[in-house]
Amino acid sequence: YLLWGVGHTDSEALQSLRQSIHEIRQLLPDVIETHGRQAIRLGSTARQHLDVEQFETARAGGDFERAAALYRGAFLDGLSLKDGEAFEEWLRIRREFFERQALESLSALMNLADTRRDNDALDRYARRILSIDPEREDAYRGLMLALGRKGQYNEALRVYSDCAGMLRREFDQSPSAETMAVNERIHLARGLPRRDLPFHAATLVGREQELADATVL
């Protein structure tokens, strides 16, 4: 048993479980439902307040903003079970599933912010993605773009350096052509009148005037 199995006999663990269920039902009668003698689950009233179910409902409805807000870290963060290999494997799979779903939601929000040229939101979502998965080159690129558009060129170039270092360290790779193109634009923009940075992969080396004329995506 997850909560009482370690260091207790099966009969002791089962008795502790029964006692806990009895006490919970006295305090909150509708919280626990039983299914025969082998299974229990949270009742429908309690499930309405589960962040996991709210997260999945938001995702299914396309409400990525709410889904991203509900994801606050790894599923059951900090919980582990010594000598519980099957539980640990289940927990690993669920954590990876929810993390992937959260990253997909944040990526959709980041792309939407880019399309709308909402650079504060683009900055925010890119940083959130990197806080979850620091190996996402697209998030580095989105953050570079947001900072460059806001005139924070030195910070944007520092982000490029961090990205290049991560790719070299973790994958023995260089940044993609698209990321390098954004880096080139930022270098050029530092010496040009204030403009929005275009965000596409074609190089602008030797095309400074074209960059200077570009004011929209």
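Residues numbered from 1 in each chain as written. Predicted model: local features only at pLDDT ≥ 70, side-chain atom pairs only at ≥ 80, totals over all residues. Heavy atoms only, no water.

### Regarding the overall build of the protein
- Scanning the protein from terminus to terminus reveals ten helices and two strands.
- Listed N to C, the secondary structure of the protein is α-β-β-α-α-α-α-α-α-α-α-α in terms of helices and strands.
- For the protein, with 217 residues in total, the buried portion stands at 34%.
- Element-wise, carbon and sulfur atoms account for 50% of the exposed surface of the protein, whose accessible area totals about 13200 Å². (Helix = DSSP H or I, 4+ residues; strand = E, 2+ residues; numbered from the N terminus. Buried < 20%, exposed > 50% of the residue type's maximum accessible area, 1.4 Å probe, protein only. Areas by Shrake-Rupley, 256 points an atom, 1.4 Å probe, with all protein chains shown as cover.)

### As for the packing of helix α7 (residues 137-149) against helix α9 (residues 177-189)
- Orientation of α7 relative to α9, taken along the N-to-C sense of each, is 15 degrees, at an axis distance of 10 Å. Between α7 and α9, the angle is such that the two are roughly parallel. Along this stretch, α7 crosses α9, giving a crossing that reads as left-handed. Note on element contacts: α9 touches α7 through Glu178, Thr179, Val182, Asn183 and Ile186, opposite Glu137, Arg141, Met144 and Leu145.
- Its residues assigned to classes, the contact of α7 with α9 shows four nonpolar, two polar and three charged. (Axes fitted to C-alpha atoms, helices over the stretch in contact; angles between N-to-C directions. Parallel < 35°, antiparallel > 145°, perpendicular 65-115°, else oblique. Left-handed = near helix turned anticlockwise from the far one by under 90°. Contact = heavy atoms within 4.5 Å. Nonpolar A, V, L, I, M, F, W, Y, C, P; charged D, E, K, R; others polar.)

### So, helix α5 (residues 85-115)
- End to end, α5 covers 45 Å across 31 residues, agreeing with the expected 45 Å (1.5 Å per residue, within 8%).
- Looking one or two places after α5, you find Arg117, whose phi comes out positive at around 55 degrees. (Expected span 1.5 Å × (residues − 1).)

### Some words on the pattern of salt bridges
- A full pass over the atoms with the stated rule returns 13 salt bridges.
- Among the salt bridges present, the one from Arg92 reaches Glu96, with a minimum N-O distance of 2.9 Å. With Arg92 and Glu96 both in helix α5 and four residues apart, the pair spans about one turn of that helix.
- Of the residues examined, Arg92 reaches a relative accessible area of 37% and is grouped as partly exposed. (Salt bridge = Lys/Arg side-chain N within 4 Å of Asp/Glu carboxyl O.)

### Some details on the nonpolar core
- Core analysis: the largest hydrophobic core is formed by 42 residues, its most contacted members being Phe55, Tyr125 and Ile186.
- Counting residues per element, the ones that place at least two in this core are α3 (51-60), α4 (64-70), α5, α6 (119-132), α7, α8 (153-171) and α9.
- For this core, the leading source of residues is α5, giving nine residues. (Core = buried A, V, L, I, M, F, W, Y, C linked by side-chain atoms within 4.5 Å.)

### Quick word on the packing of aromatic side chains
- Within the structure shown, the criterion is met by six aromatic pairs.
- Between the aromatic rings of Phe55 and Phe98, the centroid separation amounts to 5.9 Å while the plane-to-plane angle is 75 degrees, which identifies the pairing as edge-to-face. Of this pair, Phe55 sits in helix α3 while Phe98 is found in helix α5, placing the two residues 43 residues apart along the sequence. No difference in accessibility class separates Phe55 from Phe98, as the two residues are buried.
- These aromatic residues form a ring-pair network of at least three members: Phe55, Tyr71, Phe75, Phe87, Trp90, Phe97 and Phe98.
- The side chain of Arg124 reaches across the aromatic face of Tyr125, ending 5.1 Å from its centre. (Phe/Tyr/Trp six-rings, centres within 6.5 Å; stacked < 30°, edge-to-face > 60°. Lys NZ or Arg CZ within 6 Å of the ring centre and 35° of its normal.)

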